[in-house]
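# Results of the structural survey
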Amino acid sequence: MAEAQGDKPGWSAVFRAMGQRKTGFMALFGFASGLPFSLFLGTLYAWLSEAEVDLETMGVFSLIGLAYAFQFLWSPLIDKVNIAGFSRLGRRKQWMVPAQLLLGGILVTLSLLDPVSQLGWFSLLAGIGAFASATQDIAINAWRIDVADEKATLDILSTVYQMGYRLAALVGGAFGLIIAARIGWPETYALMGVILLGIGALGLFAPDNKVGNVDDDAASDAQLLALRSAGELRPEIRARALALVGVLWAAAIGVVLTFMVMSLAFPPDQRPNPTEFTLNWGPWIIVATVVLPALVAGWLAAQKRDGTNLLAEDAPPARGAGFAMDHLYRALVLPLVEFVGRMGWSLVLILALVLTYRICDAIWGTFAYPFYLGELNYTNDEVAFASKFFGVGAIIAGLALGGYLLTKLGRMLTLTLGALLAALTNLLYADLAVGGARMQAASDAIGFTWAIMQVPVIGSPALAKLTFTVMFENLAIGIAGAAYVAWLSSIVSKQYSAVQYALLSSLTLLVGTLGRGALGEMIEDQGYFDVFVLTTLIGFLAVALCLAEWYRQARFGRAAGVVTPQVQPAE
């Protein structure tokens, strides 16, 4: 009432405005995250093809995907390292804004290069751009978790982020192709670069935790001092753990760098195959950087819980090598110790859910076009309409619906519902694989077929059947995606959000990569129908795991390891 009488705005209005501001920046950052991914891993190949770059040379550009698959390898830098001259921007913005400006500059520079005569510079800049894009993704995910509060909730921020990301995929993909056909590829990439430069400039005004904040500095100093206080693990025990984890991470980084050098410097016939590298070395890299360090972290947590190898009294402050060891331990090992110690044996359930929740989407994407074009004999235009234009719109609608359900039903119910819907939509594709009679009948019954028939040139009952199926699948993907990212963000610590989120999300990418080979063989041997039935069953497993995780959180409450606020269902 005071506001209506002309008094100063109340605190509720201030918090509401702050929440809207964060949501707006989250949409921008989601767009900035999705645009480079689309331009470097999709649209770029169209440009190179039009420039008549040979396929063997274009294969080198598949290296760009490694930056996204293994981004967790440098995620500790984003959590603990400040960039000189940029730290005043804020804890996360010191990484985000320079990355966005660098990406914008790279895209503009690419527009000035000839991909044939200047392929060396072209590929180098694209590679740097991919690493900058992956680094930006780490920082944006951490920023989303850090700034979430009661008004700009984690659930809403996660949903808005994905909507921005999906919109960018449409702009950089389908719209990028349309624009390039009219104004040319150099002009298209220059335009996209200017957009990212603009987002980087606007990002300067986004809220963030300041580097040098008294509270943050005090917490950081206290964290280091606590490592040498009575009741903590002895320094020599921590040093051994750090040495082991450091060797494992260094070996993984060395393998990836060696592969990249060989791919860029060796003659085409001697370059390693990126797909085989990911398939053969990917699991071992995850074992070296996630599985074994997690076991080490579990052992350290058990040592502390059992009162073994602990300091009997405060140790003197660290100096020299000991000081460096404490900093490295905090950056590399402590995020795992904190997560494993907080989750305990529940970590098995968490990892199982991470590995299965998005597995159908992660695997299916590779075989979508062969299914549409080869098995069902649709044309390129029909597939583009159904999966790109209509499909992306359906995903964005699904994300909006998922965000609404998060606020009304709560996180875990929406997560479980998303898993169930995503599983059931595989049965829609199973029907398509045997003719699609049920999908056609349903499309006809609600008037959807009539609406699609109005699409110029390509409108047909067969297109309606495909679009109808894609619509329901992408709505389910949107709901599941909104809930999954919100849940994944909720179980990581704000203190170590960059490392913990990057590690967990990388497992989602890896399992999709590893499963494609087996799924491809199954398609060859048994056909698409059996594959869709199998992926439905895998989806039901994810539903069961969601129910188990829901029960765990309901039973243990805050002790379940959820560290960010849970949105309560509306009354």
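Above this note sits the structure.
Residues numbered from 1 in each chain as written. Predicted model: local features only at pLDDT ≥ 70, side-chain atom pairs only at ≥ 80, totals over all residues. Heavy atoms only, no water.

## Some remarks on unusual backbone geometry
- Of note, Asn309 is a non-glycine position whose phi angle comes to about 55°, a positive value.
- Relative to the helices and strands, Asn309 is located in the loop between helix H11 (274-306) and helix H12 (321-343).
- Backbone geometry at Asn377 places phi at a positive 65°, although glycine is not the residue there.
- Mapped onto the elements of the fold, Asn377 is located in the loop between helix H14 (359-375) and helix H15 (380-409). (Helix = DSSP H or I, 4+ residues; strand = E, 2+ residues; numbered from the N terminus.)

## Details of the environment of Phe131
- As for its position among the elements, Phe131 is in helix H6 (residues 119-147).
- On the basis of relative accessibility, which here comes to 32%, the residue Phe131 falls in the partly exposed class.
- Separated by 28 residues in sequence, Phe131 and Leu103 have C-alpha atoms that sit 9.7 Å apart.
- Non-local contacts of Phe131, meaning those with residues more than four positions away in its chain, are made with Ala67, Trp74 and Met260. (Buried < 20%, exposed > 50% of the residue type's maximum accessible area, 1.4 Å probe, protein only. Contact = heavy atoms within 4.5 Å.)

## Quick look at the pattern of salt bridges
- Enumeration over the complete set of coordinates arrives at 14 salt bridges.
- Asp79 is paired through a salt bridge with Arg91; the nearest N and O atoms lie 3.7 Å apart. Of the two residues, Asp79 sits in helix H4 (residues 75-80) while Arg91 sits in the loop between H4 and helix H5 (93-111), which places them 12 residues apart along the sequence. Comparing Asp79 with Arg91 shows no difference in burial state: the two are buried.
- Two residues, Asp146 and Arg91, come together in a salt bridge whose shortest N-O distance is 3.6 Å. Taken as a pair, Asp146 in helix H6 and Arg91 in the loop between H4 and H5 lie far apart in primary sequence, 55 residues in all. Each member of the pair, Asp146 together with Arg91, is buried.
- Several salt bridges converge on common partners, so that one network encompasses Asp79, Arg91, Arg92 and Asp146. (Salt bridge = Lys/Arg side-chain N within 4 Å of Asp/Glu carboxyl O.)

## Quick look at the nonpolar core
- Within the largest apolar cluster, 122 residues are counted, with the highest numbers of intra-cluster contacts made by Tyr329, Trp487 and Ile491.
- Among the elements that make up this core, the one with the highest residue count is H6 (13 residues).
- With sequence-adjacent residues up to four places away left out, Ile491 is seen in contact with Phe339, Arg342, Met343, Ile350, Leu504, Gly561, Val562 and Val563.
- If you look at the next biggest cluster of nonpolar residues, it comprises 30 residues, including Phe371, Ala433, Leu466 and Phe468. (Core = buried A, V, L, I, M, F, W, Y, C linked by side-chain atoms within 4.5 Å.)

## A closer look at the packing of aromatic side chains
- One pass over the structure, following the stated rule, counts 25 aromatic pairs.
- Judged by centre distance (5.8 Å) and plane angle (80°), the rings of Phe390 and Phe448 are edge-to-face. Of the two residues, Phe390 sits in helix H15 while Phe448 sits in helix H18 (residues 448-453), which places them 58 residues apart along the sequence.
- Exposure remark for Phe390: the relative accessible area of 27% places this residue in the partly exposed category.
- Judged by relative accessible area, which is 12%, Phe448 ranks as buried.
- With a centroid separation of 6.3 Å and 25° between ring planes, the pair formed by Tyr528 and Phe532 is classed as stacked. Here Tyr528 pairs with Phe532, and both are found in helix H21 (residues 528-556), just four residues apart, close to one helical turn.
- Feature note: the residues Phe371, Tyr372, Tyr429, Tyr528 and Phe532 constitute an aromatic cluster, connected by ring pairs. (Phe/Tyr/Trp six-rings, centres within 6.5 Å; stacked < 30°, edge-to-face > 60°.)

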